[in-house]
Amino acid sequence: MDVTSLSESGYDRLSELKAFDECKAGVKGLVDAGVSQVPRIFIHPLDQDHLTTCNSKFNFPIIDLQGMNAGPARREEIVNMVREASERWGFFNVVNHGIPETVVEEMKDGIRRFYEQDTQVKKQYYSRELERKVAYNSNFDLYKAPAANCRDTIYFLLAPHPPHPQELPEAFRDIVMVYKDEVMKLGFKLLELISEALGLKPDHLKDMDCAEGLAMLCHYYPPCPQPELTMGTTKHADNDFLTVLLQDHIGGLQVLHQDQWVDVPPMPGALVINIGDLLQLITNDRFRSAEHRVLASHKGPRVSVACFFSTSFLPTRKLYGPIKELVSEDNPPKYRETTVRDFAAHFNAKGLDGTSALEHFKL
């Protein structure tokens, strides 16, 4: 691939972006070609964010869901942990979540099978049409972001209108649908706990259709030759209601907590849960959508599966604003109403530029 490196002159960023995009081989294609220097389109400015030192004094929240329906005392204990983590962190690990280990491991293996097959097979799924039900690309915001990230992605729009199984890549066709069903069940459980943590009835968020839509993004982070110059994923918050993340053993995910980057350590059997921007909006800042990032690394490949509960690609005009039970004269609404589609459109238009999509919707 003809992509200019640091040592070359005559830098034409747009041409290099197009060359990378049109090759349809992604970041993995660069690594497979033996690139030893990070192409300039991937180099991030050495700003304060990139240099922030991680702080290890914090204990990342871990919530054990075992016995959540065993009785009111245990249920209340779990709800209290969810409330504290959602208010203080916006992120937490869950264990004993109900998804079988065999399903989790096969999902990770399936991602590796897809990315490590012949490029020509993958190319048939390559697209930048965000409303396709199945699409593979590298950096959804490639032409908007200040710098590209060292990450390839295949995503699926799985609910409420899933693609036909034949539309899914053969490499992990079956496990995608099995994993989707498991994540949907877990999502309903989590939304019940979050509703109760807000002092609402268990079905409140489900009845608001917060779990109606599900998008699955399967990320592949190849080993990076110069990780200090780039990022796996730049700082951002998620534009959904709730995210369920499966990460492998490599690590690199960090969450911004009290102005410090804190590692989200890989934990066998655990899934990472985080509050999305839309949940922060409808809870009127009661629960927070934390910014997070993924560091590039010499180690890899790293794989992860991010499942987003959102209806961003449905043409519904349903409006979402701060829940009326959570606002008062002393705590008035902080955000204007918006559709999920309009919120997602704003997020996608700005890309992962390090700014919050919520600012645009503040009153």
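What counts and how
- Residues numbered from 1 in each chain as written.
- Predicted model: local features only at pLDDT ≥ 70, side-chain atom pairs only at ≥ 80, totals over all residues.
- Heavy atoms only, no water.
- Pairing = 2+ DSSP bridges.
- Helix = DSSP H or I, 4+ residues; strand = E, 2+ residues; numbered from the N terminus.
- Axes fitted to C-alpha atoms, helices over the stretch in contact; angles between N-to-C directions.
- Contact = heavy atoms within 4.5 Å.
- Buried < 20%, exposed > 50% of the residue type's maximum accessible area, 1.4 Å probe, protein only.
- Salt bridge = Lys/Arg side-chain N within 4 Å of Asp/Glu carboxyl O.
- Core = buried A, V, L, I, M, F, W, Y, C linked by side-chain atoms within 4.5 Å.
- pLDDT = per-residue confidence, 0-100.
- Phe/Tyr/Trp six-rings, centres within 6.5 Å; stacked < 30°, edge-to-face > 60°.

## What about the sheet that holds strand E6 (residues 231-236)?
Within a sheet, neighbouring strands are paired by backbone hydrogen bonds and run either parallel or antiparallel to one another. With antiparallel pairing, the four strands of this open sheet are ordered in space as E6-E11-E8-E9. Across the chains shown, the open sheet's two edge strands, defined by having one partner strand only, are E6 and strand E9 (260-263). On average, each strand axis in the sheet is tilted by 30 degrees relative to the strand beside it, whichever way the strands run. Here E6 runs beside strand E11 (residues 292-295); their pairing, made up of three bridges, is antiparallel. Counted as the bridge partner of His236 is His292 from E11.

## Concerning the sheet that holds strand E2 (residues 91-95)
Reading across the sheet, the eight strands line up as E1-E2-E10-E7-E12-E5-E4-E3 and stay open at both edges, with mixed pairing between neighbours. The sheet is open, and its two edges are formed by strand E1 (62-64) and strand E3 (134-137), each paired on a single side. Averaged over all pairs of adjacent strands, the angle between their axes in this sheet comes to 25 degrees, without regard to strand direction. With six bridges joining them, strand E7 (residues 242-247) and strand E12 (residues 302-309) adopt antiparallel strand pairing. Residue Gln247 lies in a different strand from E12, and its bridge partner there is Ser304. Running over the sheet, helix H4 (residues 72-88) touches E1, E2 and strand E10 (271-275) and is turned about 160 degrees from E1. Across the sheet, helix H5 (residues 101-115) touches E3, strand E4 (152-159), strand E5 (214-221), E7 and E12, and the angle it forms with E5 is around 60 degrees.

## Focus on the pairing of E11
Moving residue by residue along a regular strand, the side chains alternate between the two faces of the sheet. Bridging between strand E8 (residues 253-257) and E11 involves three bridges; their strand directions are antiparallel. Residue pairing in the sheet places Val255 in a bridge with His292 of E11.

## Considering the pairing of E3
Alternating positions in E3 separate into two faces, Val134 and Tyr136 on one and Ala135 and Asn137 on the other, with burial throughout. Across four bridges, E3 lies against E4 in antiparallel orientation. Across the sheet, Asn137 pairs through a bridge with Thr153, a residue of E4.

## Comments concerning the pattern of salt bridges
All chains considered together, the criterion is met by 20 salt bridges. The salt bridge involving Lys108 is made with Glu105; its shortest N-O contact spans 3.1 Å. Taken together, the residues Lys108 and Glu105, both in helix H5 and three residues apart, mark about one turn of the helix. Lys324 is paired through a salt bridge with Glu325; the nearest N and O atoms lie 3.2 Å apart. Connected via shared salt-bridge partners are Arg75, Glu192 and Glu196.

## Let's talk about the environment of Tyr125
Checked against the element boundaries, Tyr125 lands in the loop between helix H6 (119-123) and E3. Sequence-wise, Tyr125 and Gly26 are 99 residues apart; in three dimensions their C-alpha atoms are separated by 12 Å. Ignoring sequence-local partners within four residues, the contact set of Tyr125 consists of Phe114, Arg132, Val134, Ala135, Tyr136, Glu167, Leu168, Pro169 and Glu170.

## Looking at helix H10 (residues 340-350)
Every buried residue of H10 is listed here: Val340, Phe343, Ala344, Phe347, Asn348 and Lys350. The elements touched by buried residues of H10 are helix H9 (277-282), strand E13 (319-320) and strand E14 (338-339). Among the residues trailing H10, Gly351 stands out with phi positive, at a value near 70 degrees.

## Points about the nonpolar core
By size, the foremost hydrophobic cluster in this structure holds 76 residues, and its most contacted members are Met107, Phe156, Phe172, Tyr179, Met216 and Ile282. Here the element with the most residues in this core is helix H7 (residues 173-197); it accounts for 12 residues. Each residue touching Phe172, except ones within four places of it in the same chain, is listed here: Met107, Gly110, Ile111, Arg113, Phe114, Ile154, Phe156 and Cys218.

## Points about the confidence of the model for the protein
In the predicted model, the protein carries a mean pLDDT of 92, and the fraction of residues at 70 or more is 94%. Long-range and interchain partners of residues 1-8, a stretch whose pLDDT sits below 50, account for 20 contacts in this model, where long-range means more than four residues apart.

## Focus on the packing of aromatic side chains
Counted according to the given criterion, the structure contains 14 aromatic pairs. Between Tyr115 and Tyr220 the ring centres are 4.7 Å apart and the planes differ by 25 degrees, which places this aromatic pair in the stacked class. Of this pair, Tyr115 sits in helix H5 while Tyr220 sits in strand E5, and the two are 105 residues apart along the sequence. Pairwise contacts between aromatic rings join Phe114, Tyr115, Tyr125, Tyr126, Tyr136, Phe156, Phe172 and Tyr220 into one cluster.

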